[in-house]
Amino acid sequence: MEDLGVLSGLVTDALEEPDEQQRENKLRQIREKAQRMLNAGKPEGQPTREPFHWALEFPEVFLKEDDSCGTAILAIQAGTGQRPILQTPGFSAIVGNPPFQGGQKITGTVGTDYRNFLVDYIAKGQRGSADLCSYFFLNAGNLLTKEGNFGLVATNTIAQGDTREVGLDQLVAQGYTIPRAVPSRPWPGTAALEVAYVWLYKGDWQQKFVLNENSVDGITAFLTVPGKALGKPYKLVANEGKSYIGSYVLGMGFVLEAKEVHALVSKDPKNKDVLFPYLNGQDLNSNSDQSPNRWVINFQDWPLDADHDDPKKPKGPPYAADYPDCLDIIQERVKPERDKLTNNATALDRKKRWWQFARQTIALYEAIAECDRVLARSRVANINSIAFVPTDIVMSEATVVFNFEDNSAFALLQGMVHTEWLTYHASSMRTDIRYTPSDCFETFPFPDRTDTLEQIGETYYTHRQAIMQTRQEGLTKTYNHFHDPTCTDPDIQTLRDLHIQMDTAVAAAYGWHDLPLNHDFHDTKQGLRFTISEEARREVLDRLLALNHHRYAEEVAQGLHDKKKAKGKSKKAKSKPASVADSSGKYTTQGTLFGDDPATQGELF
């Protein structure tokens, strides 16, 4: 802002310059300075930034008359001879197809300063990994006159997760109404993506609402029909620290085939300390036993060597350099790619830590260290399928991990109640669902008691595993049979019967004895599914949202969401590194993830 103040002073000085040539020279220098300021922070290789000011481009729409309210403008009455009419500034209608770009990619494309501008000035400080198009929605709202309309094409995530919270949630809260919407439809062009069409009105809409070409009573920011319970769900403190996205490796050079691991261990048995089975979403959904196909080199959060240890808070050994065979692989296959990262502070940090995963997810492995098994699912999938996995492996960022090892938690997370909740609140990738722990799990209200689900959860899980082992098929193919009305095989029919029993038990755990679930093959957004009826689905979502609000209010009353109190709480002591040196100088391991017992390392060792 100080630079702008200086620049404006220079403009005034230049315009007052009586000598024409001197005036042009000063103005030229000002333009060059302004261009440098405009492009400060622009990522290398990106186009030169071009300014666009709505009031300068459309003065007849936004130029205000000097009236007492400061909110009126001159409406041009060309050729009528009428006196100018005072109106609220802004367009009456806007139509457009703004660009789409995932929230994680915006900074790398336009720069940190421009991303900060979007957040601070367009989104009024509302943060989140929102798609770029949500900021165009907000700006279109800012450009409308009272009772104006705008209709924009958007990515179908406009009504999902952070993109919804940044865009449509804020617009609805500001008094905008959504009179018409198409939540998801294939793009008519050649690109393989799903888009949404959304119309907004600045004011209280008094005419009919149209959703997916059907007349409805109203449309929410989720681009759905309003339920009995209104509003958005809140994150619950009770659910903190129980769901995680797996490790973001960032570099396929970390990943090894089994034969490479054999060679490394044969060369030096100590190498097994940093070699782990590596589970991704495809393994989880496709393998009949959900076992990993590959391995990964994992130096956790270890320093490179003693010279690179933090002098103020040294971690001490082990160091990555203590395993030269594995470190050489990372230096050859990963470091060259990491060296290319330069766009922002996060990229530079990952470049600096080239021997470590981009996100080590240490909190995940600390949380599950005492567990023998945990629940996991693929982060992106068309069908909700949860499975138990061992804790002595590395889970990739393509998985979501739940810190539960009991069958009752499995019954609850695999059942239709949680499936409907996550389907409604998750974001999407084309026609698949992207499970986001913050939106799908941390907001999900659990029943007061879940011990009644233990037996049915175990029975269901055991039968499903038997199906996969017998057929040698994974979760995806098993549930494809499950949702196929032409499949009447006895083992699949038994799985459907057990699912009905499991869902009924889950409903009973919530006290919903009055709710008919009406399982059958029903049309859904994901296609034909064996699931609960549409009426039951809406009732389940309404009751869960009401319960979420009730639980949140209880937590607020207890001061659990008071940020000042939270800051005053003592921090949990961090766990020691998984590997520490003993008095002999050899390395011993702690916890289940990094155990040195050969049994925990799989059949390879």
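None of these values were measured; they are calculated from a predicted model. (Residues numbered from 1 in each chain as written. Predicted model: local features only at pLDDT ≥ 70, side-chain atom pairs only at ≥ 80, totals over all residues. Heavy atoms only, no water.)

**Some details on the sheet that holds strand S13 (residues 373-378)**
A sheet is described by the order of its strands in space; here four strands give the open sequence S9-S17-S13-S15, paired in antiparallel fashion. The outermost strands of the open sheet, each flanked by one partner alone, are strand S9 (243-245) and strand S15 (387-390). Pairwise comparison of adjacent strand axes, ignoring direction, gives a mean angle of 40° for this sheet. Here S13 runs beside S15; their pairing, made up of four bridges, is antiparallel. In the strand pairing of S15, Arg 373 is matched with Pro 390. (Pairing = 2+ DSSP bridges. Helix = DSSP H or I, 4+ residues; strand = E, 2+ residues; numbered from the N terminus. Axes fitted to C-alpha atoms, helices over the stretch in contact; angles between N-to-C directions.)

**Examining helix H6 (residues 112-122)**
All buried positions along H6 are accounted for by Arg 115, Leu 118, Val 119 and Ile 122. When H6 is viewed along its axis, its buried side chains cluster within an angular range of 120° and face the same direction. Contacts from the buried residues of H6 go to helix H5 (106-110) and helix H7 (132-143). Downstream of H6 by one or two residues, Lys 124 has phi in the positive range, about 55°. (Buried < 20%, exposed > 50% of the residue type's maximum accessible area, 1.4 Å probe, protein only. Arc of directions from axis to C-beta. Contact = heavy atoms within 4.5 Å.)

**A closer look at the packing of aromatic side chains**
A complete count under the given rule lists 30 aromatic pairs for this structure. Aromatic pair Trp 54 and Phe 91: ring centres 5.8 Å apart, planes at 80°, arrangement edge-to-face. Highlighted residues: Trp 54 in helix H3 (residues 54-57) and Phe 91 in strand S3 (residues 91-96), separated in sequence by 37 residues. The rings of Phe 402, Phe 404, Trp 421, Tyr 435, Phe 441, Phe 444 and Phe 446 are connected pair by pair, giving a single aromatic cluster. (Phe/Tyr/Trp six-rings, centres within 6.5 Å; stacked < 30°, edge-to-face > 60°.)

**What to know about the confidence of the model for the chain**
Overall, the predicted model of the chain reaches an average pLDDT of 86, with 88% of residues at or above 70. Under a pLDDT of 50 for its full length, residues 67-79 has, in the predicted model, 33 contacts with residues more than four places off or in other chains. Segment residues 568-605: pLDDT under 50, and 67 contacts once partners within four positions in sequence are set aside and those in other chains are kept. (pLDDT = per-residue confidence, 0-100.)

**So, the environment of Ala 387**
Tracing the backbone through its elements, the reader meets Ala 387 in strand S15. The buried category is assigned to Ala 387, whose relative accessible area is 0%. Spatially, the C-alpha atoms of Ala 387 and Leu 475 are 8.8 Å apart, while their sequence positions differ by 88 residues. In this structure, Ala 387 is in contact with Leu 284, Gln 290, Val 374, Leu 375, Ala 376, Tyr 461, Arg 464 and Leu 475, ignoring residues within four places of it in sequence.

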